[in-house]
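# A closer look at the structure
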Amino acid sequence: MKTIVEKIDAAKLADEIEKQKIAAAARLLKEGGVVAFPTETVYGLGADAQNPEASRRIYEAKGRPSDNPLIVHIAAFSDLELITRELPKAAKVLGEHFWPGPLTMIFRKNDRIPLETTGGLDTVAVRMPNHPVALALIKASTGFIAAPSANVSGKPSPTTAEHVFCDMDGRIPMILDGGPVGIGIESTIVDFSEDTPMILRPGFITQEMVQQAIGSVSLDKGLEPDGATAPKAPGMKYRHYAPKAELVLVKGEMCRVIPAINRLVQEAGQQGKRAGVICTEETCGSYQGGIVKSIGSRKEKAGIARHMYGVLREFDELDVDIIFSESFSEEGLGQAIMNRMQKAAGHRVMEV
Ligand code: AMP
Ligand code: MG
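So, how was this worked out
Residues numbered from 1 in each chain as written. Chains lettered and ligands numbered in written order. Predicted model: local features only at pLDDT ≥ 70, side-chain atom pairs only at ≥ 80, totals over all residues. Heavy atoms only, no water. Buried < 20%, exposed > 50% of the residue type's maximum accessible area, 1.4 Å probe, protein only. Helix = DSSP H or I, 4+ residues; strand = E, 2+ residues; numbered from the N terminus. Arc of directions from axis to C-beta. Contact = heavy atoms within 4.5 Å. Polar contact = N/O pair within 3.5 Å; in protein donor to acceptor, adjacent residues only side chain to side chain. Near = heavy atom within 4 Å. Areas by Shrake-Rupley, 256 points an atom, 1.4 Å probe, with all protein chains shown as cover. Axes fitted to C-alpha atoms, helices over the stretch in contact; angles between N-to-C directions. Parallel < 35°, antiparallel > 145°, perpendicular 65-115°, else oblique. Left-handed = near helix turned anticlockwise from the far one by under 90°. Nonpolar A, V, L, I, M, F, W, Y, C, P; charged D, E, K, R; others polar. Pairing = 2+ DSSP bridges. 1 Å grid on protein atoms, 1.4 Å probe; cavity = no way out; pocket = protein on both sides within 12 Å on 5 of 7 lines; lining within 4 Å. Points joined across faces, edges and corners; volume = space filled by probe spheres on them.

## Quick notes on helix α2 (residues 52-62)
Within α2, the full set of buried residues consists of A54, S55, I58, Y59, A61 and K62. Down the axis of α2, the buried set is contained in an arc of 170°. They therefore lie on one face. Buried residues along α2 sit against β3 (44-48), β7 (145-146) and α6 (161-168). Regarding α2, its N-cap is N51, as a side-chain oxygen of that residue lies 2.9 Å from the backbone nitrogen of E53 further along. Just downstream of α2, G63 is the residue with a positive phi angle, here 70°.

Structure follows, in structure tokens:
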């Protein structure tokens with residue numbers, strides 16, 4: 001299959017040329033095809049959520065385990081009622097606060113969304129993305145677009161159309177290239193299918209932000225790195241976001257982390273391994289060996305989130321054998337950053 005990459009300018013969606021590009025992509029979706037498109041979090045791999053065959057094509061293109069459900073993307077709040085059995089008041093409040101935006105909510109579903117889309121579950125995850133191209137595409141197609149991240153299963157999520165092309169060339173007919181995404185980390189998932197709301201995946205919207213909007217919200221015990229409890233979101237149990245090289249997170253006070261990474265890089269070199277280092281702008285000058293890349297400034301966590309997957313993918317191109325990374329405080333957005341880094345590292349964490 002030939003993969004067409006169509007550049008699309010989010011600021012010119014009212015122009016005839018861009019309208020035609022959206023219409024062509026929407027046509028593919030209506031026919032049951034798969035189209036990659038930008039959202040504000042990461043690039044998504046879209047298909048008609050109401051069409052079981054279309055959903056199956058997403059799993060096939062990604063190599064995604066069939067028990068890992070897809071998020072259904074909508075473009076109008078009122079569409080939520082068409083696919084859910086009940087809509088708790090707190091969910092409405094949260095949606096009003098953060099939609100369109102990087103928030104996914106889970107509800108008990110009705111029959112409109114088939115089990116092929118929800119990985120066999122009787123619940124459905126729903127999000128309204130805050131990206132003009134995504135919203136235009138959803139509206140122009142079927143209104144309900146299932147879209148996981150547009151990477152091959154297990155790899156870091158794509159934050160540019162180039163990342164998508166690298167993973168999906170020959171597997172899907174079209175990629176809409178809207179440039180690099182703004183957020184760079186997946187949505188926060190809040191489960192409303194049981195009595196009390198629970199965060200199943202930390203994301204750009206922090207636990208404190210959710211609490212401020214609806215009062216208390218718990219955190220799925222399965223997110224704790226000890227692995228004692230299975231996570232409720234099926235996708236959270238898989239190794240994920242992983243670069244080709246082994247990734248080791250080094251945790252502790254920076255005055256100990258820097259010398260520890262320098263020593264680890266040196267030891268790797270002695271074993272004939274090529275080592276990489278993920279550092280921050282503040283610490284870049286402190287490393288003596290290895291291929292050193294900054295993930296952003298410690299003063300701006302949003303920047304770290306935005307660069308994270310791109311840096312992991314850059315190391316894939318450089319053929320390193322092992323990457324040592326600094327860690328970050330788990331406060332605020334740090335919770336989501338560390339969740340992704342820990343999964344990318346397959347929980348190889350070294351305390352110093
Ligand atoms: P992705 O779209 O690749 O970011 O992955 C979607 C995430 O949402 C995965 O971790 C899924 O397991 C999770 N998810 C989607 N639908 C549900 C659901 N109905 N219940 C629990 N988790 C879900
Ligand atoms: Mg994903």
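## A closer look at the site of ligand 1
Within the structure, ligand 1 sits among 21 residues, and N68, T123, P148, R201 and G235 are positioned closest to it. Contacts to ligand 1 include R64, whose side-chain N or O atom sits 3.1 Å from an oxygen atom. A distance of 3.3 Å separates an oxygen atom of ligand 1 from a polar backbone atom of P234. Coverage of ligand 1 by the protein chains reaches 96% of its 500 Å² of free accessible surface.

## A look at the packing of helix α9 (residues 301-317) against helix α10 (residues 334-344)
Orientation of α9 relative to α10, taken along the N-to-C sense of each, is 15°, at an axis distance of 10 Å. Between α9 and α10, the crossing angle belongs to the class labelled roughly parallel. α9 and α10 meet at a crossing whose hand is left-handed. Packed against α9, whose contacting residues are K301, I304, A305, M308, Y309 and L312, the element α10 presents G334, I337, R340, M341 and A344 at the interface. A class-by-class count of the residues in the contact of α9 with α10 yields 8 nonpolar, 1 polar and 2 charged.

## Quick notes on the sheet that holds strand β5 (residues 103-108)
Two pairing modes exist for strands in a sheet, parallel and antiparallel, and in both the strands are linked by backbone hydrogen bonds. The strand order β1-β8-β2-β3-β7-β4-β6-β5-β9-β10-β11 describes an open sheet built from 11 strands, whose pairing is mixed. Edge strands, defined here as strands with exactly one partner in the open sheet, are β1 (4-7) and β11 (218-219). As paired elements, strand β2 (residues 35-37) and strand β8 (residues 174-177) share 2 bridges and run parallel to each other. Paired with V35 across the strands is M174, a residue of β8. Sitting on the sheet, helix α1 (residues 16-30) is in contact with β1, β2, β3, β7 and β8, with an inclination near 145° to β8.

## A short note on the sheet that holds strand β15 (residues 322-326)
Judged by pairing direction, the sheet is parallel, and its 5 strands sit side by side in the order β14-β13-β15-β12-β16 without closing on themselves. Strands at the two margins of the open sheet, each flanked by one partner only, are β14 (291-294) and β16 (349-351). Direction aside, neighbouring strands of the sheet carry axes that sit 25° apart on average. Of the pairings in the sheet, the one linking strand β13 (residues 275-279) to β14 comprises 4 bridges and is parallel in character. When the sheet's bridge partners are listed, V277 is paired in β14 with V292. Contacting β12 (246-251), β13, β15 and β16, helix α8 (residues 254-270) runs over the sheet at an angle of about 175° to β15.

## Observations regarding the pairing of β12
With 5 of 6 residues buried, β12 is to be regarded as a mostly interior element. One ladder, built from 3 bridges, connects β12 with β16; its direction is parallel. When the bridges of β16 are listed, K251 appears paired with E351.

## Some remarks on the layout of surface pockets
Empty pockets left among the atoms are what a rolling probe the size of a water molecule brings to light. Its boundaries defined by the atoms lining it, the largest pocket holds a volume of some 530 Å³. Around the largest pocket, the lining is made up of 34 residues, and of these R64, P69, I71, I189 and R201 lie nearest the centre. Mapped by element, the contributors of at least two residues to the lining of the largest pocket are β4 (71-73), β5, β6 (123-127) and β10 (198-201). No other element matches the 4 residues that β6 contributes to the lining of the largest pocket. Residue composition of the lining of the largest pocket, by class: 17 nonpolar, 12 polar and 5 charged. What the second largest pocket holds in volume is close to 330 Å³. Ranked by residue count, the leading element in the lining of the second largest pocket is α10, at 4 residues.

These figures capture arrangement, not role.
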